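The primary structure of each chain is shown beneath.
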Amino acid sequence: MSTAEASETAEARDPSGRIKISSPRQIPIVGVVTEDEEVQGAFKSMDLNRVIRLFEETGDLMKIPNSELRIQICKCIIDFYHAEPPKKHITGYQQASSSYKIKMAEVGGLAKTMVQSLELLENQLVEKLWVLKALQHLSTSEINCTLMVKAQAASGICAHLNDPDPSGQLLFRSSEILWNLLEKSSKEEIIQQLSNLKCLLALKEVFKNLFIRGVSHYDRQLRNDILVITTIISQNPGAPMIESGFTRDLILFATFNEVKSQNPLVKGVKVSNSYEDFELKKLLFNIIVILCKDLSTIQLLIDGKIILALFTYVKKPEKHKILEWSAAQYEELQLHAIATLSSVAPFLIDEYMFYTGNARVLEFLTWCDNDDSFFSHGNSFHGAGGRGNKFAQMRYSLRLLRAMVYLENDTINKDLCEKGAIQQLIGIFKNTISKYNDKEEAILLEIQSDILLILSGLCEYHIPGKEIFGTGGVDIILHVMKTDPKKLQSGLGYNILLYSTLDSIWCCILGCYPSEDYFLEKEGIFLLLDLLALNQKKFCNLILGIMVEFCDNPKTAAHVNAWRGKKDQTAASLLIKLWRKEEKELGVKRDKYGKIVDTKKPLFTSFQEEQKIIPLPANCPTVAVMDVAENIRAKIYAVLGKLDFENLPGLSAEDFVTLCIIHRYLDFKIGEIWNEIYEEIKLEKLRPVTTDKKILESITAASENIGKMVVSLQSEMIESQARQDVQNEQKVYAKIQATHKQRELANKSWENFLARTSNAKTLKKAKRLQEKAIESSRYGERPPNAIFHRTDIKGLNATVPFGGVVTVESTPARLVGGPLADTDIALKKLPIRGGALQRVKGVKTVDEPKKSEPT
């Protein structure tokens, strides 16, 4: 069909007025109408529905078996995205904008029609390339991508990736379209469309050809893009990766450089240190991690010797050895390989042990911990926090060990213990303390956490391991427990480190009596209670569990009772306070004094009130049983029970009221469970025999009676406390009265003193009263040979009472002289101003009289 014929056909309409065919060369225009022309009706307004129909039918033109027409349609679509200004301007008209045309193409569903037209062009390469180019532009829009997905564009395009194309455009444009679809539409839907054998076979052949024969920069980039798309598909467990043979090839390509292979596919293939080949190596490591999650892949990984290939990177850099990678590239690949081992090795335990995995990792850790000069670049994702040191290598090696230890495989854990892993890890932990700095704080905390978790896994079920852990291990635990509590909120990882520490106490110390005693000796229980007093709910359950186990040690109770917190709080008071807080959060009913409200359900939480009792199988725990594990009340009961309920220091009346409930926790819980049993029997419409019914009723009544007894005891305590409060109040009032009376007497005494000093008559009167009091205190007759002492001093004019006076005479000169009189130490003169004896220079010595008699 010629262009003229197409133009004529564009004007043809069916009886309904719908345009049948529109010329692809015709440029849509919008008329600019002047006021006069509008009045004359020269032009009609634009009908958007007609424009939309135009784009719908323009796509239908692709069904016409005309190569030129199809190519022109594709060129028109491409021109939407590369619009050029018109060469000739028509007066009164302006060209429609590109954004308008693109929007109309989206609304008209042009992308869907173009995808469907691909089925008509399987053997027409030129036209197919133009359609792919048009779709490449259309796929930049989310709306168009959604339409293309509905038309099964992903599977249709991917299945023909390997079609013959000397120009290479088909593969490039197809991969670009697939990328756009993955980014701008439903990723899950795309993966489902690509997860079929036909698509994966096409991807495999394309990737294999590019891997073996690709030499240019463009080929390598395209190869990596195909591998990324494959990686996304492999995340779908239903994708036939193994059936297509793609998995085997990928494992071969990932390992052939480290493990020599005779496979002809990789014969003569060399990997350079170019950026694209470096990215390829990391992408292959990444897809191995995804593939190993499918257990069907395990045998292929064993055949491909993936463990051995990855272990070639777990070693210290060898000096003077020429590497195919740069230092920065090798470091990144080394870290990536260790991270890949952490995911793959747990699935290949036999291979891991066959290649002496534990020995390799421990030897590598030794190098990480020593002070050999090593400059790491730390540029990659895996190298974060490890610039200029070996912390990144240490972190990923510890992650690998942690993954293996957590398998709880006796062979692996026993082998680690025999190779001295426990002592080595404790030593590494101590060294990280000495290397601590703020810059690498986060990575050091992660390293310390992993070390403690590994130690926990090695010692939990291994008594010899706990003995090896010993005092050195306890010391590092105590060090962490002394961390400033404010750091727990820093977000750097102190919370995780504390969790790991508490887990280590449980797994590495408890059950080993020498370690327990050393922990107690170093005030470890005090540190545990300090952490408990922080009142952080996320730690309380674990700490209380440790306390329960520690209380089996007879030495623990004395330490717990000796602990004092803020405001001289005791451990018992702290535990009871935690009980009250827990019950408040659980919605347990208590009155304002803390007494039991419902004696039939003294422990019921708000959840239990809302949850209806339903019949359950015998192996399913009921709500009452689950309540024991889901809160800390049972643990608090166990700790206080081991401390002896009767001799708990530092409790207030409120504490004693709560303690009454705690003391009967087990009785209440047993009654609660029996009540559930009774209710389930009723719901199942079973009627117990008379004896069983009486027993059930008596158990229920006994539980309620215990509740009433506790309420009575609580009431007595509250009343006793009220009386005690009144007595204390009276004592305080009496003290206040005595204080006021003393002040009054002091004021009166002061007034009398002032009166004596300001009034002679008053002074004389006071003196007479004093003399009279003195005379009245004497005997009536003076005893014989008695010495009379005067009580006053003659000639003294004083207005205050006076006492006895003692006269002290100067020390005789003879006591100052003697053998040292002429030495340098002797004092030459006695100071007349008092104080200590002093030497006075330039003064002649006072001659001592030859004879002196005592004064």
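Engineer: I tried to follow the overall build of the chain on my own but got confused; where do I start?
Structural biologist: The secondary structure content of the chain amounts to 38 helices and two strands. Counting across all 855 residues of the chain, residues that qualify as buried make up 42%. Counting contacts in the chain only where the partners sit at least 6 residues apart, residues at least 24 apart contribute 72% of the total. Within the structure as shown, the chain displays about 48800 Å² of accessible surface, and the carbon and sulfur contribution to it stands at 54%.

Engineer: Would you mind showing me how to read the environment of phenylalanine 604 here?
Structural biologist: Along the chain, phenylalanine 604 falls in the loop between α31 (571-586) and α32 (606-610). Separated by 16 residues in the primary sequence, phenylalanine 604 and valine 588 place their C-alpha atoms 5.9 Å from one another.

Engineer: Is there a simple way to explain the packing of aromatic side chains in this structure?
Structural biologist: Under the definition given, this model contains 18 aromatic pairs. Each ring, one from phenylalanine 285 and one from tyrosine 313, has its centre 6.0 Å from the other, and the planes form 85°; the classification is edge-to-face. Remark: tyrosine 313 occurs in the loop between α17 (306-311) and α18 (327-344) and phenylalanine 285 occurs in helix α15 (residues 275-291); sequence separation between them is 28 residues. Both residues of the pair, phenylalanine 285 and tyrosine 313, belong to the buried class. Note on phenylalanine 354 and tyrosine 355: the rings are 5.0 Å apart at their centroids and 80° apart in plane angle, and the pair reads as edge-to-face.

Engineer: I would appreciate a short explanation of helix α4 (residues 67-81) in the present structure.
Structural biologist: The α-helix winds at 3.6 residues per turn, so residues separated by three or four positions along the chain end up facing the same way. Taking 1.5 Å per residue as the helical rise, α4 with its 15 residues ought to reach 21 Å, and the 22 Å between its terminal C-alpha atoms agrees with that figure. All of the buried residues along α4 are Leu69, Arg70, Ile71, Gln72, Ile73, Cys74, Cys76, Ile77, Ile78 and Phe80.

Engineer: Quick question: what am I supposed to make of the pattern of salt bridges here?
Structural biologist: When the charged atoms of two side chains with opposite charge come close together, those side chains can pair. Following the criterion strictly, the structure yields 28 salt bridges and no others. Glutamate 127 is the salt-bridge partner of arginine 70, the closest N and O atoms lying 3.0 Å from each other. Pair noted here: arginine 70 is in helix α4 and glutamate 127 is in helix α7 (residues 125-138), with a separation of 57 residues, a long-range link. For the pair shown, arginine 70 and glutamate 127 are each scored as buried. The salt bridge involving glutamate 582 is made with lysine 537; its shortest N-O contact spans 3.0 Å.

Engineer: Looking at this structure, I do not really get the packing of helix α21 (residues 391-405) against helix α24 (residues 441-459). What am I missing?
Structural biologist: The angle between the axes and the distance between the axes are what describe a pair of packed helices. Packing of α21 against α24 leaves a shortest axis separation of 9 Å and a crossing angle of 25°. Judged by the inter-axis angle, α21 sits roughly parallel to α24. The two elements α21 and α24 cross, and the hand of that crossing is left-handed. Within the contact between the two elements, α21 uses Phe391, Ala392, Met394, Arg395, Leu398, Arg399, Leu401, Arg402 and Val405 and α24 uses Ile443, Leu444, Glu446, Ile447, Asp450, Ile451, Leu453, Ile454, Gly457 and Leu458. Looking at the contact of α21 with α24 residue by residue, the classes come out as 13 nonpolar, one polar and five charged.

Engineer: Help me out: how do you make sense of α31 in this one?
Structural biologist: Compared with an ideal rise of 1.5 Å per residue, which puts 16 residues at 22 Å, α31 spans 23 Å between its outermost C-alpha atoms and is within 8% of the ideal. Within the sequence span of α31, burial applies to Ala571, Ala572, Ser573, Leu574, Leu575, Ile576, Leu578, Trp579, Glu582 and Glu583. Close packing links the buried residues of α31 with α28 (524-533), α29 (537-550), α30 (556-562), α34 (633-643), α35 (653-663) and α36 (665-683). Positioned one or two residues after α31, glycine 587 has a phi angle of 80°, which is positive.

Engineer: How should a nonpolar patch on the surface be read in this particular structure?
Structural biologist: On the surface, Leu666, Ile670, Trp674 and Ile677 cluster together into a nonpolar patch covering about 330 Å² of accessible area. Tracing the chain through its elements places isoleucine 670 in helix α36. By relative accessible area, which is 41% here, isoleucine 670 ends up partly exposed.

Engineer: Teacher, can you tell me more about a positive patch on the surface here?
Structural biologist: A cluster of like positive charges, contributed by Lys761, Lys764, Lys765 and Arg768, occupies part of the molecular surface. Residue placement: arginine 768 occurs in helix α38 (residues 760-776).

Engineer: Got a minute to help me understand the packing of α35 against helix α37 (residues 690-758) in this structure?
Structural biologist: Where α35 meets α37, the closest approach of the two axes is 9 Å, and the angle between their N-to-C directions is 175°. In this view, α35 runs roughly antiparallel relative to α37, as classed from their interaxial angle. Contacts between α35 and α37 involve Ala653, Phe656, Val657, Cys660 and Ile661 on the former and, on the latter, Val710, Leu713, Gln714, Met717, Ile718 and Gln721. Residue classes in the contact of α35 with α37 are distributed as nine nonpolar, two polar and no charged.

Engineer: For this particular structure, what's the right way to read the nonpolar core?
Structural biologist: General note: in soluble globular proteins, nonpolar side chains tend to be found buried as a group. Core analysis: the largest hydrophobic core is formed by 194 residues, its most contacted members being Met114, Ile505, Phe519, Leu528 and Leu640. Among the elements that line this core, the one with the most residues is α24, at 10 residues.

Engineer: What am I meant to see in the confidence of the model for the chain here?
Structural biologist: Detailed reading of the predicted model is not advised wherever pLDDT is low. Overall, the predicted model of the chain reaches an average pLDDT of 83, with 81% of residues at or above 70. Between residues 823-855, whose pLDDT stays under 50, and residues either more than four places distant or in other chains, the model counts 30 contacts.

Engineer: I would appreciate a short explanation of the environment of lysine 430 in the present structure.
Structural biologist: Residue placement: lysine 430 occurs in helix α23 (residues 421-434). With a relative accessible area of 40%, lysine 430 lands in the partly exposed category.

Engineer: Honestly, the environment of glutamate 332 in this entry has me stumped. Any pointers?
Structural biologist: Within the secondary structure, glutamate 332 is located in helix α18. Measuring from C-alpha to C-alpha, the distance between glutamate 332 and alanine 392 comes to 10.0 Å, with 60 residues separating the pair along the chain. Here lysine 282 takes part through its side chain, which lies 2.7 Å from a polar atom of the side chain of glutamate 332.

Engineer: Explain unusual backbone geometry here, please?
Structural biologist: In most cases, non-glycine residues show a negative phi, while peptide bonds are predominantly trans. Here the phi dihedral of lysine 305 falls at roughly 55°; this positive angle occurs in a residue that is not glycine. Summarising the element assignment, lysine 305 is placed in the loop between α16 (298-303) and α17. The phi torsion at threonine 356 lies on the positive side, around 50°, for a residue other than glycine. As for its placement among the helices and strands, threonine 356 is situated in the loop between α19 (349-354) and α20 (357-369).

Rules of the game
Positions within a chain are numbered from 1, following the residues in the order the chain's sequence is written. Given that this is a predicted model, residues contribute local features only at a pLDDT of at least 70 and side-chain atom pairs are listed and counted only at 80 or more, while totals for whole chains, interfaces and linings are drawn from all residues. With hydrogens and water set aside, each side-chain value is computed from the structure's full complement of heavy atoms. What counts as a helix is a DSSP run of H or I of at least four residues, what counts as a strand is a run of E of at least two, and both are numbered from the N terminus. Under the scheme applied here, a residue whose accessible area is under 20% of the maximum for its type counts as buried, over 50% as exposed, and between as partly exposed, the area being computed with a 1.4 Å probe on protein chains only. In this analysis, two residues are considered to be in contact whenever any of their non-hydrogen atoms come within 4.5 Å of each other. Note that accessible areas follow from Shrake-Rupley with a 1.4 Å probe, and for residues the cover is restricted to the protein chains shown. Whether two aromatic rings pair depends on their centres lying within 6.5 Å, for rings of Phe, Tyr and Trp, where Trp uses its six-membered ring; planes under 30 degrees apart make the pair stacked, over 60 edge-to-face, and the rest tilted. The span you would expect from a helix comes to 1.5 Å times its residue count less one. By definition, a salt bridge exists where a carboxyl oxygen of Asp or Glu is found within 4 Å of a side-chain nitrogen of Lys or Arg. Axes here refer to lines fitted to C-alpha atoms; in helices the fit is confined to the stretch in contact. Angles between the N-to-C directions go from 0 to 180 degrees. With respect to orientation, any angle under 35 degrees is reported as roughly parallel, any angle over 145 as roughly antiparallel, any angle of 65 to 115 as roughly perpendicular, and every other angle as oblique. By convention the crossing between two helices is left-handed if the near helix lies anticlockwise of the far one by an angle smaller than a right angle, and right-handed if it lies clockwise. Charged residues are taken to be Asp, Glu, Lys and Arg, nonpolar residues to be Ala, Val, Leu, Ile, Met, Phe, Trp, Tyr, Cys and Pro, and polar residues to be all remaining types, Gly included. Patch membership requires more than 30% relative accessible area and the absence of a salt bridge. Residues of like charge join within 9 Å; the nonpolar side chains Val, Leu, Ile, Met, Phe, Trp and Tyr join within 5 Å. We treat Lys and Arg as the positive residues and Asp and Glu as the negative residues; His and chain ends play no part in the count. Positions of charges follow a simple convention, taking NZ of Lys, CZ of Arg, CG of Asp or CD of Glu. What is meant by a nonpolar core is a set of buried Ala, Val, Leu, Ile, Met, Phe, Trp, Tyr and Cys residues, joined one to another through side-chain atoms within 4.5 Å. pLDDT is a residue-level measure of predictor confidence that goes from 0 to 100. Within 3.5 Å is the distance limit for a polar contact, defined as a pair of N or O atoms, with the added protein rule that one can donate a hydrogen and the other accept it, and that residues adjacent in sequence qualify only through two side-chain atoms.

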